[in-house]
Amino acid sequence: MKKLFITLLLSLCLVGCKKKLGCTDPRAINYYPDATKDDGSCEYENFNPALLKGQILQNKTLTKDTVWILDGRVTVMEGVTLNIEPGTIIKAVPGTGASASTLIIKRGGKINAIGTAEEPIIFTSTQDNFDGSLSENVRGLWGGVIINGKAPASFVGNVTE
């Protein structure tokens with residue numbers, strides 16, 4: 001009887017503890033509110049995710065009608081301008097250290113991003129579903145925005161440009 005009870009308990013846990021796969025983005029047309037793990041199946045009607053990856057080699061505009069996905073190190077190269085419209089959402093794939101998703105503006109590259117109170121430009125994580133479930137205290141889901149200027153700097157030791 002004891003073995004039967006333990007077997008039944010384990011079976012219930014396996015059924016109840018199993019992660020439910022599905023689309024966890026509430027902006028998607030196939031959003032599944034019971035999903036506990038995103039399976040990459042999200043489909044969008046008004047917002048079409050667009051992937052940003054590697055080097056941006058020519059002028060580019062990120063429009064507010066698209067949810068942009070920052071995957072890995074994305075670098076705006078020298079002589080190139082990245083324009084970001086007010087109201088644009090950029091979600092970064094989580095990572096740490098050298099694998100952190102980061103937007104890097106190289107020396108001589110430019111970023112033109114002017115949001116408004118009504119239409120802010122939002123940089124966040126792909127884990128942010130805009131439903132309040134991602135605490136503002138969560139840190140380190142992505143690497144941030146790095147702007148490399150041409151101002152002089154003081155460094156200690158061997159430093160190369």
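For the structure, check the block above.
Everything in this summary refers to the structure shown in the same document. None of these values were measured; they are calculated from a predicted model.

Concerning the overall build of the protein
Counting secondary structure elements, the protein contains 1 helix and 11 strands. A burial count over the protein gives 27% of its 161 residues as buried. Here the analysis covers contacts within the protein between residues at least 6 apart in sequence; of these, 48% occur between residues at least 24 apart. About 11,000 Å² of surface is accessible on the protein, with carbon and sulfur atoms providing 55% of the total.

Concerning the pattern of salt bridges
Evaluation of the coordinates by the stated rule reveals 2 salt bridges. Across the salt bridge formed by Lys 53 and Asp 71, the nearest N and O atoms sit 3.2 Å from each other. One end of the pair, Lys 53, is in strand β3 (residues 50-56); the other, Asp 71, is in strand β5 (residues 67-76), and 18 residues separate them in sequence. As a salt-bridge pair, Lys 64 and Glu 119 come within 2.5 Å of each other at their nearest N and O atoms. Note that Lys 64 is positioned in the loop between β4 (60-62) and β5 and Glu 119 in the loop between β9 (110-113) and β10 (122-125), a separation of 55 residues in sequence.

Let's talk about the nonpolar core
Within the largest apolar cluster, 16 residues are counted, with the highest numbers of intra-cluster contacts made by Leu 62, Leu 70, Val 76, Leu 82, Ile 90 and Leu 103. Elements with a contribution of two residues or more to this core: β3, β5, β6 (81-84), β7 (89-92) and β8 (102-105). With 4 residues, the single largest contributor to this core is β5. Beyond its immediate stretch of four places on either side in the chain, Leu 62 contacts Leu 52, Trp 68, Leu 82, Asn 83, Ile 84, Glu 85, Thr 88 and Ile 90.

Cut-offs used in this document
Residues numbered from 1 in each chain as written. Predicted model: local features only at pLDDT ≥ 70, side-chain atom pairs only at ≥ 80, totals over all residues. Heavy atoms only, no water. Helix = DSSP H or I, 4+ residues; strand = E, 2+ residues; numbered from the N terminus. Buried < 20%, exposed > 50% of the residue type's maximum accessible area, 1.4 Å probe, protein only. Contact = heavy atoms within 4.5 Å. Areas by Shrake-Rupley, 256 points an atom, 1.4 Å probe, with all protein chains shown as cover. Salt bridge = Lys/Arg side-chain N within 4 Å of Asp/Glu carboxyl O. Core = buried A, V, L, I, M, F, W, Y, C linked by side-chain atoms within 4.5 Å.

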